[in-house]
Amino acid sequence: MKIHLVDGTYELFRSFYGAPPRRAPDGREVGATLGLLNSLLALLTKSGATHLACAFDHVIESFRNDLYPGYKTSAGIPAELLAQFPLAERAAAALGVVVWPMREFEADDALATAAARFQRLRSVEQIVICSPDKDLAQLVAGDRVVCWDRRREIVYDEAAVVEKYGVRPASIPDWLALVGDAADGFPGVPGWGAKSAAWVLARYEHLESIPEDPRLWGLGAGRAQRLAESLRAHQAESRLYRRLATLRRDVPLGETVRDLKWRGAQARLKALCRQLGAKQFLDRVPRWASGPGAA
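Cut-offs used in this document
Residues numbered from 1 in each chain as written. Predicted model: local features only at pLDDT ≥ 70, side-chain atom pairs only at ≥ 80, totals over all residues. Heavy atoms only, no water. Helix = DSSP H or I, 4+ residues; strand = E, 2+ residues; numbered from the N terminus. Rg over C-alpha atoms; globule rule 2.2 N^0.38 Å. Buried < 20%, exposed > 50% of the residue type's maximum accessible area, 1.4 Å probe, protein only. Contact = heavy atoms within 4.5 Å. Areas by Shrake-Rupley, 256 points an atom, 1.4 Å probe, with all protein chains shown as cover. Lys, Arg positive; Asp, Glu negative; His and termini not counted. Charge placed at Lys NZ, Arg CZ, Asp CG, Glu CD. Pairing = 2+ DSSP bridges. Axes fitted to C-alpha atoms, helices over the stretch in contact; angles between N-to-C directions. Polar contact = N/O pair within 3.5 Å; in protein donor to acceptor, adjacent residues only side chain to side chain. 1 Å grid on protein atoms, 1.4 Å probe; cavity = no way out; pocket = protein on both sides within 12 Å on 5 of 7 lines; lining within 4 Å. Points joined across faces, edges and corners; volume = space filled by probe spheres on them. Nonpolar A, V, L, I, M, F, W, Y, C, P; charged D, E, K, R; others polar.

**Q** Would you mind showing me how to read the overall build of the protein here?
**A** Scanning the protein from N- to C-terminus turns up 12 helices and 6 strands. For the protein, whose C-alpha radius of gyration is 21 Å, the value lies close to the compact-globule estimate of 19 Å for 295 residues. Buried positions account for 52% of the 295 residues belonging to the protein. Sequence separation of at least 24 residues holds for 68% of the intrachain contacts in the protein that already meet a minimum separation of 6. Of the accessible surface of the protein, which amounts to about 13,600 Å², a share of 52% is contributed by carbon and sulfur atoms. The positive charge centre, built from 40 side chains, and the negative charge centre, built from 35, are 6 Å apart in the protein.

Written out as structure tokens, the structure reads:
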């Protein structure tokens, strides 16, 4: 079997900014939630997904905000988008999808935990992480665990990760520590860019393995010397940034692989769609967990 793990937060943002606004009969903005529902239904009906789960940042802040004050927060996120987070979780669960709402951890941590757990099972042929988020590239393993950018229809196996970033998946947190991640709110090490970080980490894999003598790096002497001086001056920050970028694999998820099997939409989806002003969505649902006539 294949397991599809969906980055619900990414899907919600993508729907909010990529689809027209939509108001429910009560006046609420619900376009992003409806976009998420359509995306999940397409995954089930057009992509043949049979086992899936969807992780959300129930709150944007996480344990990483305690480690680094500059880490991303909910500040600046439109109120009409933030208000849809709990609604989106309800909608995905009503569709019959397993939902992981993260509070202390982030959605990416839930996906990392699930990927680490389920890839060990013989019955699992492949794990498909549905997101283009570069943080998640660290989870890719050969062609057994892949990332799928559904919008661009690109699948990133390990070879594709190396081609895109210049480093293997295990080095992605180190690469982000050097380069920085504006989306997550940490700047990286001054002077280091994507190419220089890839060049050095492709050879030495992790920060602590980089030789102190920059003459061994294979870069121009002057450039290597400047990078080495910056790395020495910001050693503590680089280790912290790597910790921020490293996904946790110890989120307490209770579901087994059997629980991830999609058995159909729940009856409560009908009432929810009426509230959202999207009764036509129900006509496209191919299966109902309680039978097609359930109220």
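After that view, the rundown keeps rolling.
**Q** When you look at the sheet that holds strand 6 (residues 154-156) in this model, what are you seeing that I'm missing?
**A** Across a sheet, paired strands are connected by hydrogen bonds in the backbone, their directions being either parallel or antiparallel. As summarised here, the arrangement of the 6 strands in space is 3-2-1-4-5-6, forming an open sheet in which the pairing is mixed. One side of each edge strand has no neighbouring strand; the edge strands of this open sheet are strand 3 (98-102) and strand 6. Across the sheet, the mean angle from the axis of one strand to that of its neighbour is 25°, orientation sign disregarded. Relative to the sheet, helix 6 (residues 107-118) contacts strand 1 (2-7), strand 2 (51-57), strand 3, strand 4 (126-130) and strand 5 (145-149), its axis offset from that of strand 1 by approximately 170°.

**Q** Before we go on, may I ask you to explain the side chain of Arg-64 in this structure?
**A** Mapped onto the fold, Arg-64 is located in helix 3 (residues 64-67). Exposure remark for Arg-64: the relative accessible area of 1% places this residue in the buried category. For Arg-64, the side chain forms a polar contact with the main-chain oxygen of Thr-246, separated by 3.0 Å. The residues touching Arg-64, leaving out its near neighbours within four places in the chain, are Tyr-71, Glu-106, Asp-109, Arg-243, Leu-244, Thr-246, Leu-247 and Arg-248.

**Q** Can you help me understand helix 8 (residues 172-179) in this one?
**A** Think of an α-helix as turning once every 3.6 residues; residues three or four places apart then point the same way. Most of helix 8 is tucked away, with 7 of its 8 residues classed as buried. Every buried residue of helix 8 is listed here: Ile-172, Pro-173, Asp-174, Trp-175, Leu-176, Ala-177 and Leu-178. The elements touched by buried residues of helix 8 are helix 7 (158-165), helix 9 (194-204), helix 10 (221-233) and helix 11 (235-245). Note on helix 8: the residue one or two positions beyond its end, Gly-180, has a positive phi of about 90°.

**Q** Where do I start with the layout of surface pockets in this structure?
**A** The method is simple in principle: a probe with the dimensions of a water molecule rolls over the atoms, and the space it marks as empty is what remains. Here the largest pocket defines a volume of roughly 520 Å³. Contributing to the lining of the largest pocket are 21 residues, with Thr-9, Phe-13, Lys-72, Asp-133 and Ala-183 lying nearest its centre. Counting only elements with at least two residues in the lining of the largest pocket, the list comes to helix 1 (8-18) and helix 6. For the lining of the largest pocket, the leading source of residues is helix 1, giving 3 residues. Its residues placed into classes, the lining of the largest pocket shows 8 nonpolar, 3 polar and 10 charged. In this structure, the second largest pocket encloses a volume near 240 Å³. Lining the second largest pocket we find 14 residues, and of these Glu-11, Arg-14, Ser-39, Ala-42 and Arg-150 sit closest to its centre. For the lining of the second largest pocket, the secondary structure elements donating two or more residues are helix 1 and helix 2 (31-45). Per-class residue counts for the lining of the second largest pocket are 4 nonpolar, 5 polar and 5 charged.

**Q** For this particular structure, what's the right way to read empty space enclosed by the protein?
**A** In total, this model carries 2 cavities of 30 Å³ or more according to the counting rule given. What the largest cavity holds in volume is close to 60 Å³. If you trace the largest cavity, you find it lined by Ser-131, Pro-132, Asp-133, Lys-134, Ala-137, Cys-147, Tyr-156, Val-161, Lys-164 and Tyr-165. Considering only residue class, the lining of the largest cavity consists of 6 nonpolar, 1 polar and 3 charged. Computed from the structure, the second largest cavity encloses a volume of approximately 30 Å³. Lining the second largest cavity are Tyr-10, Glu-11, Arg-14, Cys-130, Ser-131, Trp-148, Asp-149, Arg-150 and Arg-151. If you list the elements that add at least two residues to the lining of the second largest cavity, you get helix 1 and strand 5. Ranked by residues supplied to the lining of the second largest cavity, first place goes to helix 1 with 3 residues. Of the residues assigned to the lining of the second largest cavity, the class counts are 3 nonpolar, 1 polar and 5 charged.

Note that every value here comes from positions in space, so none of it alone points to a role or purpose.
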